[in-house]
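Chain by chain, the residues:
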Amino acid sequence: QVQLVESGGGLVHPGGSLTLSCAASGNPFVINAMAWHRQAPGQERELVAAITKSGRSTYADSMQGRFTISRDNTKNTVSLQIHSLKPEDTAVYYCYADDPFYGIHSWGKGTLVTVSS
C-alpha cells in the first residue's frame, strides 16, 4: 500500500504563492500517475492537475495558468506550485496516486490552504 503525505499548506495572502509537496512511500516502483485534487468548504472534490511518470501534465480547465505540477521520480515526490492565490483557492489539497497495474489508488490526508487577508 502506498502512503502519501502532503505538506506546505497554510495561510497565504491574496496574490501570494505557495508550493505544496507530496511524498510517497511504500512503493518499490515509480507510480504511473500522480495528481492533486482540492476540496473547498461545502464543495465537491475536484481535480487540479495530474502528471504521468514520464512527466506529461494535464490541468483542469479552470486551473490553467496559475498552477504548475511537477514530480521527482528519484525522490518519490510530486509538487504543486500555485501563483496569484485567490480567496477561492481556499481548500484542502489532496495528493492522489494512481497505478492500475499495481492496484494503487491512494489518497493522502490533505493539507489546508487558506487564502485570506
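Residues numbered from 1 in each chain as written. Predicted model: local features only at pLDDT ≥ 70, side-chain atom pairs only at ≥ 80, totals over all residues. Heavy atoms only, no water.

1. Examining the pairing of strand 5 (residues 46–52)
Argument step 1. Among the seven residues of strand 5, five are classified as buried, and the element is accordingly described as predominantly covered.
Argument step 2. Across six bridges, the pairing between strand 4 (residues 33–39) and strand 5 is antiparallel. Along strand 5, the bridge assignment pairs H37 with L47.
Argument step 3. Between strand 4 and strand 5, which pair antiparallel in sequence order, lie six residues; one of them, G42, sits at a positive phi of approximately 75°. (Buried < 20%, exposed > 50% of the residue type's maximum accessible area, 1.4 Å probe, protein only. Helix = DSSP H or I, 4+ residues; strand = E, 2+ residues; numbered from the N terminus. Pairing = 2+ DSSP bridges.)

2. Some points on the side chain of T111
Argument step 1. Within the secondary structure, T111 sits in strand 11 (residues 111–115).
Argument step 2. Within the structure, T111 has its side chain in polar contact with the backbone nitrogen of G9 (distance 3.1 Å). (Polar contact = N/O pair within 3.5 Å; in protein donor to acceptor, adjacent residues only side chain to side chain.)

3. Side note on the nonpolar core
Argument step 1. Judged by nonpolar contacts, the single largest core of 29 residues is most densely connected at M34, W36, L80 and Y93.
Argument step 2. For this core, the secondary-structure elements that each account for two or more residues are strand 3 (18–25), strand 4, strand 5, strand 7 (67–72), strand 8 (77–82), strand 9 (91–99) and strand 11. (Core = buried A, V, L, I, M, F, W, Y, C linked by side-chain atoms within 4.5 Å.)

4. A few points about the packing of aromatic side chains
Argument step 1. Overall, the coordinates contain four aromatic pairs when judged by the stated rule.
Argument step 2. With 3.7 Å between their ring centres and 10° between their planes, F29 and Y102 make a pair best called stacked. Pair noted here: F29 is in the loop between strand 3 and strand 4 and Y102 is in the loop between strand 9 and strand 10 (104–107), with a separation of 73 residues, a long-range link.
Argument step 3. Judged by relative accessible area, F29 falls into the buried class, the value being 17%.
Argument step 4. Ring geometry for Y96 against W107: centres 4.5 Å apart, planes inclined by 40°, an arrangement best described as tilted. Linking Y96 in strand 9 with W107 in strand 10, this pair joins segments that are eleven residues apart in sequence.
Argument step 5. Among the residues examined, Y96 registers a relative accessible area of 17% and is labelled buried.
Argument step 6. Of the residues examined, W107 reaches a relative accessible area of 39% and is grouped as partly exposed.
Argument step 7. Seen from the ring of Y94, R45 lies directly overhead, with NZ or CZ sitting 3.7 Å from the centre.
Argument step 8. Over the face of the ring belonging to W107 we find R45, whose NZ or CZ atom lies 4.5 Å from the ring centre. (Phe/Tyr/Trp six-rings, centres within 6.5 Å; stacked < 30°, edge-to-face > 60°. Lys NZ or Arg CZ within 6 Å of the ring centre and 35° of its normal.)

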